[in-house]
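Analysis of the macromolecular model
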Amino acid sequence: MAPYNLLTATASLMARSFSAFYTNTPARCTSIVYNAHILPVKYLTSQTSGPPKRPLNGYMRYVLQQKPVVTSQNPEIKLVDVVRKIAQQWRMMSPEEKQPFQEASVQAMKQFKMDLEKYQAQLTPAQLQQQAVERRQRLAKRKAIRKKRELTILGKPKRPRTPFNIFMSEHFQEARGATTQAKMKSLLDDWRNLFSHQKQIYVQLAEDDKIRYKNEMKSWEDHMVDIGRVDLIREQTQPTKKKPPAVKKQAKKSSAKSVKKTSPKRKSKTSSKTKLSSSAKTVKAGSSKKG
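Now for a look at the structure at hand. All values reported here derive from a predicted model rather than from experimental measurement.

**Overview of the overall build of the protein chain**
In terms of helices and strands, the protein chain carries nine helices and zero strands. Listing the helices and strands of the protein chain from first to last along the sequence gives α-α-α-α-α-α-α-α-α. Partitioning the contacts of the protein chain with sequence separation of at least 6, the portion at a separation of at least 24 is 67%. Accessible surface computed for the protein chain: about 22300 Å², of which carbon and sulfur atoms make up 56%.

**A few points about the packing of aromatic side chains**
Under the definition given, this model contains eight aromatic pairs. Ring geometry for W90 against F101: centres 6.2 Å apart, planes inclined by 75°, an arrangement best described as edge-to-face. Of this pair, W90 sits in helix α3 (residues 79-92) while F101 sits in helix α4 (residues 95-121), and the two are 11 residues apart along the sequence. The residues W90 and F101 share a single accessibility class, namely buried. Aromatic side chains F167 and Y202 sit 5.4 Å apart centroid to centroid with 85° between the ring planes, which places their arrangement in the edge-to-face category. With F167 in helix α6 (residues 163-171) and Y202 in helix α8 (residues 196-226), the pair connects residues that are 35 residues apart, well separated along the chain. Both residues of the pair, F167 and Y202, count as buried. The aromatic ring of F172 is capped on one face by K183, whose charged end is 5.2 Å from the ring centroid.

**Quick word on the pattern of salt bridges**
Counted according to the given criterion, the structure contains 10 salt bridges. Between R212 and D209 there is a salt bridge, and its shortest N-O distance comes to 2.8 Å. In this pair, R212 and D209 both sit in helix α8, three residues apart, roughly one turn of the helix. Judged by its relative accessible area of 12%, D209 falls in the buried class. For D222, the salt bridge is made with K218, and the minimal N-O distance between the two is 3.5 Å.

**Remarks on the environment of R229**
Along the chain, the position of R229 falls in the loop between α8 and α9 (245-290). Once residues lying within four places of it in the same chain are set aside, the contact partners of R229 are E150, L154 and M224. Polar side-chain contacts of R229 include one of 3.1 Å to the side chain of D231.

**Notes on the packing of helix α2 (residues 58-73) against α3**
Interhelical geometry of α2 versus α3 gives an angle of 120° and a closest axis separation of 9 Å. Considering the angle they form, α2 stands oblique to α3. Crossing of α2 over α3 shows right-handed handedness. Between α2 and α3, the residues in contact are G58, Y59, Y62, V63, Q66, K67, V70 and T71 and L79, V82, V83, K85, I86, A87, Q89 and W90, respectively. When its residues are assigned to classes, the contact of α2 with α3 shows 10 nonpolar, four polar and two charged.

**Section: α4**
For α4, built from 27 residues, the straight-helix expectation of 39 Å at 1.5 Å per residue is met to within 8% by its first-to-last C-alpha distance of 38 Å. Remark: the principal bend of α4, roughly 25°, maps to F101. Taken together, the buried positions of α4 are occupied by K98, F101, S105, A108, F112, D115 and Y119. Buried residues along α4 sit in contact with α2, α3 and α5 (125-153).

**Here's the deal with α8**
The end-to-end C-alpha distance of α8, which contains 31 residues, comes to 45 Å, matching closely the 45 Å that a straight helix rising 1.5 Å per residue would cover. Contacts from the buried residues of α8 go to α5, α6 and α7 (180-193). At the C-terminal side of α8, G228 shows a positive phi close to 85°.

**Remarks on the packing of α2 against α4**
A packed helix pair is summarised by two numbers, namely the angle formed by the two axes and the spacing between the axes. Interaxial distance between α2 and α4 falls to 8 Å at its minimum, and their mutual angle equals 115°. For α2 against α4, the interelement crossing comes out right-handed. Between α2, through G58, R61, Y62 and Q65, and α4, the contact on the second element is made entirely by F101, Q102, A104, S105 and A108. Its residues placed into classes, the contact of α2 with α4 shows four nonpolar, four polar and one charged.

**Looking at the environment of G50**
Position of G50 relative to the elements: it lies in the loop between α1 (4-16) and α2. A relative accessible area of 13% places G50 in the buried class. Along the sequence, G50 and Y119 sit 69 residues apart, while their C-alpha atoms lie 8.6 Å from each other.

**Things to note about a positive patch on the surface**
A surface patch of like charges, here positive, comprises R135, R138, R142, K143, R146, K147, R149, K156 and R159. For R142, the location among the structural elements is in helix α5.

Cut-offs applied
Residues numbered from 1 in each chain as written. Predicted model: local features only at pLDDT ≥ 70, side-chain atom pairs only at ≥ 80, totals over all residues. Heavy atoms only, no water. Helix = DSSP H or I, 4+ residues; strand = E, 2+ residues; numbered from the N terminus. Contact = heavy atoms within 4.5 Å. Areas by Shrake-Rupley, 256 points an atom, 1.4 Å probe, with all protein chains shown as cover. Phe/Tyr/Trp six-rings, centres within 6.5 Å; stacked < 30°, edge-to-face > 60°. Buried < 20%, exposed > 50% of the residue type's maximum accessible area, 1.4 Å probe, protein only. Lys NZ or Arg CZ within 6 Å of the ring centre and 35° of its normal. Salt bridge = Lys/Arg side-chain N within 4 Å of Asp/Glu carboxyl O. Polar contact = N/O pair within 3.5 Å; in protein donor to acceptor, adjacent residues only side chain to side chain. Axes fitted to C-alpha atoms, helices over the stretch in contact; angles between N-to-C directions. Parallel < 35°, antiparallel > 145°, perpendicular 65-115°, else oblique. Left-handed = near helix turned anticlockwise from the far one by under 90°. Nonpolar A, V, L, I, M, F, W, Y, C, P; charged D, E, K, R; others polar. Expected span 1.5 Å × (residues − 1). Bend = angle between axes of the 7 residues up to and from the residue. Patch = residues over 30% accessible without salt bridge, like charges linked within 9 Å, V, L, I, M, F, W, Y side chains within 5 Å. Lys, Arg positive; Asp, Glu negative; His and termini not counted. Charge placed at Lys NZ, Arg CZ, Asp CG, Glu CD.

As far as function goes, none of this settles anything; it's purely spatial.
Right, here's the structure in full:
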């Protein structure tokens, strides 16, 4: 059996090419290359230093088995084409031909669950909590990657570039340094040494790029509203929801009621003032008569 790192690296490389399998209609394969017996693929289960690894599904087991066969028969084609050819073979196979690989995957999954229970039973509560945190972080990262990929497919405009980004893209090829990091460091030093009037050119280009981004985002968000994807629009540009007319009527009625309630109080206040003033006048009149 090949080392675990080699298997995972091969599987991840093949997974990157899967999107190409289903974009084109597969040509019918005249001959399906597969062995009558299944080469033993051991469970990718626990190592001594970490948790058990999830096993491969039936299709990935078939890919790992057929990869050396197809590569030896077609040494001139690239790895992507090798995997595409294996995918075509898998689609042309009958359920009976796929069954041994799928059954092996089911058995490996049972073993994986048993190993996972044993591994988790040995962990402390703090380790279990740490695993939960790491799992949430991985899920959040995957969600962000999927969302970014979706926005790219929907044609969301690229964000505006900064003056330094524009300067770096123009002078990256002739920058000093053998590595990308060294080139970026030298470009940053060159940018800091520029005079203000030299930087002003890139500042103006950045301002123009902001206008480009603003216009493209407006048209893109209008298109998202048309296709019903309001969830992808920025909060500050989301259309404001108008209140239904029933709510306005209720508000008017409540305000009218409050005005009616407050008006008697005002009348009572004025009447009390008039009473006080009249009583004061009578007191004054009585005192003047006595005098």
